[in-house]
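Each chain, written out:
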Amino acid sequence: MAAQAAISLAGSVAAAPSFSTSCVSRSHGSLSAGSKVVPRRGLRTFSGLKAERCGGVSGAGAFRGGESFETLAASIDAAKPAKNVEETVRPGQARASSYKVAVLGAAGGIGQPLSLLIKMSPLVSTLNLYDIANVKGVMADLSHCNTPAQVAGFTGPTELAACLKDVDLVIIPAGVPRKPGMTRDDLFNINANIVKTLIEAVADNAPNAIINIISNPVNSTVPIAAEVLKAKGVYDPKKLFGVTTLDVVRANTFVAQKKNLRLIDVDVPVIGGHAGITILPLLSKTRPSAEFTPEEIEELTVRIQNAGTEVVEAKAGAGSATLSMAYAAARFAESCMRALDGDPDVFECTFVQSELTDLPFFASRVKLGKKGVEAFITDDLEGLTEYEQKGVDALMAELKGSIEKGVNFANKQVAPA
Ligand SMILES: NC(=O)C1=CN([C@@H]2O[C@H](COP(=O)(O)OP(=O)(O)OC[C@H]3O[C@@H](n4cnc5c(N)ncnc54)[C@H](O)[C@@H]3O)[C@@H](O)[C@H]2O)C=CC1
Ligand SMILES: O=C([O-])CC(=O)C(=O)O
């Protein structure tokens, strides 16, 4: 395992107003058309998703349609459109930065709103949508938005390679969602195969891409992906991410509500994994600092751990979180692209290969850089309260089992390289 850099927030990093919350606060934290744009160090915010580096796009959010042609043109890839591409604006001159993104499972409950949010990002030049069905309609629909990203649709396994060719970022929300009464692990049998097949194609066609895995159970699908990539000889642990951003988004929301804080100011790190008790919010590390009674800690922790189930039950058989997940995944994708783009202040909690605990994978706050994970933030795990330490101790066995289940599944299926 490669040695991992670790950063203490007490050091230089701490001085930077760098956490997701501060980024959100600078960008006003909402998608409302009335959001103001707050320039910072010459960079620009965009659409409430914390995209502070917008590749030459002027401050106005592109989704509002008020931007100039020059503004749009500056962030369009001047390269020839790929197969199935429908241009939404005329190609312009060189852009400062833009990325090619693929969403696998793009026609689904998460995939559609996520693709819309990605389409709104001025960091994106090309948006490739893949699903086993219904992509053409989603592509036609999205391609009418007058934002710079060029949309292309790809349907079924024969078009998967073309979808993935040379992409910088692959986001995977493909797979079945829960129904009431199910655990995330109940999705394993179907989703493990889906993720394995998709990651094989990623390894073959976009071996250098950053990979964001949303498909559940994340605690197992990420280890599966790692094993598949290893077998293909292209595993880079710094570039494989399980998306746990929704846990942070929920923690921030619930804490702000409980403590009557400005929603966009709150930042709560969430560590461990992404299922039940493996989701562990560190309320003692809340920023701005807040006091909680033991009852509040118990209530908030349990609510954050069960928030996915709260949505599954409210949807009563119609699926699980889609809109909040799309928001969270778009935020994480933006963070990855900002980091690729050289923004030095990008921090997110995410489920990654890690040496912070005895487990091979663990969700924690990391610093993202041009090559993926740049450093692990060790401060969050230091000085835990007794309640939090008990939470860590309690989650280890379940998380270990889920990781091993994924690894065993993958190793039964993939031939060594
Ligand atoms: N990481 C997280 O925080 C969260 C994860 N999820 C997970 O995300 C996944 C997707 O959820 P939804 O979008 O609500 O489900 P959905 O059923 O609405 O959409 C899934 C999409 O995946 C597609 N799909 C199925 N097999 C595929 C394959 N082999 N290749 C490409 N696409 C394929 C389907 O056609 C469908 O369009 C579920 O596993 C769910 O549990 C959901 C919420 C939060
Ligand atoms: O609960 C689910 O099945 C979907 C999910 O991961 C979440 O909403 O956190």
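Residues numbered from 1 in each chain as written. Chains lettered and ligands numbered in written order. Predicted model: local features only at pLDDT ≥ 70, side-chain atom pairs only at ≥ 80, totals over all residues.

Enquirer: Could you give an account of the overall build of the chain, naming the residues involved and the relevant values?
Expert: Counting its secondary structure elements, the chain contains 13 helices and 12 strands. The 417 residues of the chain split such that 52% are buried. Considering only contacts within the chain whose residues lie at least 6 apart along the sequence, 68% involve residues at least 24 apart. (Helix = DSSP H or I, 4+ residues; strand = E, 2+ residues; numbered from the N terminus. Buried ≥ 20, exposed ≤ 12 C-beta atoms within 10 Å, placed from the backbone. Contact = placed C-beta atoms within 7 Å.)

Enquirer: Let's hear about the site of ligand 2: which residues, and what values?
Expert: The environment of ligand 2 is made up of P177, R178, R184, N216, L246, G308, T309, V311, V312, S320 and A321. Among the elements that make up the shell around ligand 2, the one with the highest residue count is helix α11 (residues 307-315) (four residues). The class makeup of the residues in the shell around ligand 2 is five nonpolar, four polar and two charged. (Near = placed C-beta within 6 Å. Nonpolar A, V, L, I, M, F, W, Y, C, P; charged D, E, K, R; others polar.)

Enquirer: How would you sum up the site of ligand 1? Please name residues and give values.
Expert: The environment of ligand 1 is formed by 34 residues, the closest being G105, G108, G109, A174 and N216. Per element, the largest residue contribution to the shell around ligand 1 is four residues, and it comes from helix α7 (residues 188-205). Looking at the shell around ligand 1, its residues break down into 19 nonpolar, 13 polar and two charged. When residues are assigned to domains, the shell around ligand 1 turns out to be shared by domain 1 (99-243) and domain 2 (245-399), each giving three or more. (Domains from an automatic or database assignment.)

Enquirer: Could you give me a rundown of the nonpolar core, with the residues and numbers involved?
Expert: Of all hydrophobic cores here, the largest spans 109 residues; its most connected members are V101, L129, L169, V170, A225 and A329. It is helix α12 (residues 323-340) that contributes the most residues to this core, 12 residues altogether. In terms of domain composition, this core takes at least three residues from each of domain 1 (99-243) and domain 2 (245-399). Once residues within four sequence positions are removed from consideration, V101 is found in contact with I118, V124, L127, V167, D168, L169, I171 and A333. (Core = buried A, V, L, I, M, F, W, Y, C linked by C-beta atoms within 7 Å.)

Enquirer: An account of the domain arrangement of the chain is needed here, citing residue identities and associated values.
Expert: Size of an interface: often given as the accessible area lost when the parts come together. Taken as a whole, the chain is organised into domain 1 (99-243) and domain 2 (245-399). Here domain 1 and domain 2 have C-alpha centroids that lie 22 Å from each other. Facing 37 residues of domain 1, the contacting portion of domain 2 comprises 36 residues. Those elements giving two or more residues to the side of domain 1 that touches domain 2 turn out to be β2 (99-104), α4 (111-119), β5 (169-172), β6 (210-213), α8 (218-231) and β7 (240-242). Ranked by the residues each element gives to the side of domain 1 that touches domain 2, the list is headed by α8, at five residues. Here the side of domain 1 that touches domain 2 is composed, by residue class, of 24 nonpolar, five polar and eight charged.

Enquirer: Which residues make up the UniProt feature "domain: Lactate/malate dehydrogenase N-terminal" (unreviewed entry) in the chain, and what values go with them?
Expert: The residues that UniProt annotates with the feature "domain: Lactate/malate dehydrogenase N-terminal" (unreviewed entry) are residues 100-242. In this annotation, residues 100-242 is assigned 38% helix and 21% strand; the end-to-end C-alpha distance for the span is 20 Å. (UniProt positions renumbered as here; feature names shortened; annotations may be inferred.)

Enquirer: Residue-level account of the packing of α8 against helix α13 (residues 386-413), with values.
Expert: Running from N to C, α8 and α13 cross one another at 35°; their axes reach a closest spacing of 7 Å. For the pair α8 and α13, the crossing hand works out as right-handed. In contact with N219, S220, T221, P223, I224, E227 and V228 of α8, α13 contributes L399, S402, I403, K405, G406, V407, F409, A410 and N411. Among the residues making up the contact of α8 with α13, the classes are represented as eight nonpolar, six polar and two charged. (Axes fitted to C-alpha atoms, helices over the stretch in contact; angles between N-to-C directions. Left-handed = near helix turned anticlockwise from the far one by under 90°.)

Enquirer: Outline the environment of P360, supporting the account with residue identities and numerical values.
Expert: Mapping P360 onto the fold places it in the loop between β10 (347-353) and β11 (361-369). Owing to 17 C-beta atoms within 10 Å, P360 belongs among the partly exposed residues under this scheme. Sequence separation between P360 and E404 is 44 residues; the distance between their C-alpha atoms is 9.6 Å.

Enquirer: So what's going on with the pairing of strand β12 (residues 372-377)? Residues and values would help.
Expert: The pairing of β11 with β12 spans four bridges and is classified as antiparallel. Paired with K367 across the bridge in β12 is A375. Where β11 hands over to β12, the hairpin turn is made up of two residues, counted between the paired strands. (Pairing = 2+ DSSP bridges.)

Enquirer: Before we move on, can you summarise α13 with the specific residues and values?
Expert: At 3.6 residues per turn, the α-helix brings residues three or four places apart onto the same side. For α13, spanning 28 residues, the distance from its first C-alpha to its last is 41 Å, which sits close to the expected 40 Å at 1.5 Å a residue. The largest bend in α13 comes to about 35°, at M396. Along α13, the positions that sit buried rather than exposed are E388, G391, L395, L399, S402, I403, G406, F409 and A410. Lining the buried residues of α13 we find α7, α8, β8 (270-272), β9 (279-281) and β11. (Expected span 1.5 Å × (residues − 1). Bend = angle between axes of the 7 residues up to and from the residue.)

Enquirer: If you had to explain the pairing of β11 to someone new, which residues and values would you point to?
Expert: Along β11, eight of the nine residues are buried, which leaves the element largely enclosed by surrounding structure. The pairing of β10 with β11 spans seven bridges and is classified as antiparallel. What sits directly across from T350, in β11, is S364.

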